[in-house]
Amino acid sequence: MSLETEYDPDNIFAKIIRGDMPCVKVLETDKILAFMDVFPQSEGHCLVIHKQSQAVNFLDVEPEALSELTAATQEVARAVHYGLNPDGIRIMQFSGARAGQTVFHLHIHVLPVYEGVVVAAHASGKPADAESLEPIAAKIRAALA
Ligand code: AMP
């Protein structure tokens with residue numbers, strides 16, 4: 001799949017934005033949604049997306065939306081830091097299938113890293129259920145306040 005892929009309005013994250021698919025929310029504004037990654041690579045792995053931009057990846061996003069997305073990502077990363085106390089945080093964005101992108105609505109990963117804990121493989125394994133993600137999301141939400 002090329003980097004110039006057309007935006008598919010039925011991609012998973014578009015469905016989540018419309019409320020057609022569930023997610024465990026961390027932060028929502030009129031422009032931004034942050035939610036728990038359903039295949040978490042570590043405890044607290046979450047994703048930040050822009051609700052209005054139809055950017056597929058980092059290359060085609062409008063500068064204003066990118067700026068809003070980046071600011072929200074910093075807010076979420078700080079909340080992950082204060083809420084979960086990881087030893088480090090990876091901020092990741094994959095553009096294009098060859099780079100590892102699997103959902104074609106621009107998103108930024110906030111991936112906490114803990115000393116001595118192996119980070120799981122990307123987008124693999126068994127999906128986590130909402131019941132297990134919710135208490136982690138609650139700690140992040142509390143740290144946002
Ligand atoms: P990427 O591979 O960079 O496009 O990232 C897509 C991410 O979305 C992966 O880490 C997946 O685990 C995650 N993901 C896929 N489907 C869902 C979903 N329904 N809810 C939450 N996260 C998802």
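Residues numbered from 1 in each chain as written. Predicted model: local features only at pLDDT ≥ 70, side-chain atom pairs only at ≥ 80, totals over all residues. Heavy atoms only, no water.

Asker: Would you mind going over the overall build of the protein with me for this structure?
Answerer: Helix and strand content of the protein: 3 helices and 5 strands. Element order for the protein, N to C, with α for helix and β for strand: α-β-β-β-α-β-β-α. In terms of overall dimensions, the protein is globule-like: its C-alpha atoms have a radius of gyration of 14 Å, near the 15 Å expected for 145 residues. By principal-axis analysis of the C-alpha atoms, the protein measures approximately 40 × 30 × 25 Å. Across the 145 residues in the protein, those meeting the buried criterion constitute 40%. If you take every contact in the protein between residues at least 6 apart in sequence, the share linking residues at least 24 apart comes to 61%. (Helix = DSSP H or I, 4+ residues; strand = E, 2+ residues; numbered from the N terminus. Rg over C-alpha atoms; globule rule 2.2 N^0.38 Å. Buried < 20%, exposed > 50% of the residue type's maximum accessible area, 1.4 Å probe, protein only. Contact = heavy atoms within 4.5 Å.)

Asker: Is there a simple way to think about a nonpolar patch on the surface in this case?
Answerer: A contiguous nonpolar surface patch, about 300 Å² in accessible area, is contributed by Leu3, Phe58 and Leu59. Tracing the sequence through the fold places Phe58 in the loop between β3 (46-50) and α2 (63-84). The exposure class of Phe58 is partly exposed, given its relative accessible area of 43%. (Patch = residues over 30% accessible without salt bridge, like charges linked within 9 Å, V, L, I, M, F, W, Y side chains within 5 Å. Areas by Shrake-Rupley, 256 points an atom, 1.4 Å probe, with all protein chains shown as cover. Salt bridge = Lys/Arg side-chain N within 4 Å of Asp/Glu carboxyl O.)

Asker: So what exactly am I meant to see when it comes to the side chain of Gln101 here?
Answerer: Tracing the chain through its elements places Gln101 in the loop between β4 (88-92) and β5 (107-113). Among the residues examined, Gln101 registers a relative accessible area of 3% and is labelled buried. At 2.9 Å, the side chain of Gln101 forms a polar contact with the backbone oxygen of Val56. Only 2.7 Å separates the side chain of Gln101 from the backbone nitrogen of Gly96, close enough to count as a polar contact. Excluding its chain neighbours within four sequence positions, the residues that come into contact with Gln101 are Val56, Asn57, Phe94, Ser95, Gly96 and His107. (Polar contact = N/O pair within 3.5 Å; in protein donor to acceptor, adjacent residues only side chain to side chain.)

Asker: Would you mind going over the nonpolar core with me for this structure?
Answerer: One recurring pattern in soluble globular proteins: nonpolar side chains tend to sit buried together. Formed by 27 residues in total, the largest nonpolar core has its most connected members in Met36, Val48, Val76 and Ile140. At 9 residues, α2 tops the list of elements feeding residues into this core. Not counting the four nearest positions on each side in its chain, Val48 is found in contact with Ile32, Leu33, Ala34, Leu69, Ala72, Thr73, Val76, Leu106, His107, Ile108 and Val110. Residues Phe13, Leu33, Phe35 and Leu47 belong to the second largest nonpolar core, which totals 7 residues. (Core = buried A, V, L, I, M, F, W, Y, C linked by side-chain atoms within 4.5 Å.)

Asker: Help me understand the state of the cysteines, please; the structure alone is not making it clear to me.
Answerer: A covalent bond between the sulfur atoms of two cysteines is what we call a disulfide. Summed over all chains, the structure comprises 0 disulfides. Cys46 provides the cysteine sulfur closest to Cys23, a residue in no disulfide bond, and the two sulfurs are 11 Å apart. (Disulfide = S-S within 2.5 Å.)

Asker: Looking at this model, I keep getting lost on the site of the ligand. Mind explaining?
Answerer: For the ligand, the set of nearby residues contains 19 residues, the closest of which are Asp37, Thr102, His107, His109 and His122. The backbone of Val38 places a nitrogen or oxygen atom 3.2 Å from a nitrogen atom of the ligand. At 2.9 Å, a backbone N or O of Val103 approaches an oxygen atom of the ligand. Relative to its unbound accessible area of 500 Å², the ligand is 93% covered by the protein chains. For the ligand, the cavity whose grid points lie within 2 Å of the majority of its atoms is the largest pocket. Elements that contribute at least two residues to the shell around the ligand include exactly α1 (12-18), β2 (32-36) and β5. A total of 3 residues in the shell around the ligand trace back to one element, the largest contributor, which is α1. Looking at side-chain class alone, the shell around the ligand contains 12 nonpolar, 6 polar and 1 charged residues. (Near = heavy atom within 4 Å. 1 Å grid on protein atoms, 1.4 Å probe; cavity = no way out; pocket = protein on both sides within 12 Å on 5 of 7 lines; lining within 4 Å. Sits in = over half its atoms within 2 Å of the grid points. Nonpolar A, V, L, I, M, F, W, Y, C, P; charged D, E, K, R; others polar.)

Asker: When you look at the sheet that holds β2 in this model, what are you seeing that I'm missing?
Answerer: Consider a sheet: its strands pair through backbone hydrogen bonds, and that pairing is either parallel or antiparallel. Ordered in space as β1-β2-β3-β5-β4, the 5 strands form an open sheet in which the pairing is antiparallel. At either end of the open sheet lies a strand with only one pairing partner, and these are β1 (25-28) and β4. Adjacent strand axes in the sheet meet at a mean angle of 15 degrees, parallel and antiparallel pairs treated alike. Where β3 meets β5, 4 bridges bridge the pair, whose relative direction is antiparallel. (Pairing = 2+ DSSP bridges. Axes fitted to C-alpha atoms, helices over the stretch in contact; angles between N-to-C directions.)

These values are about where atoms sit, not about what they do.
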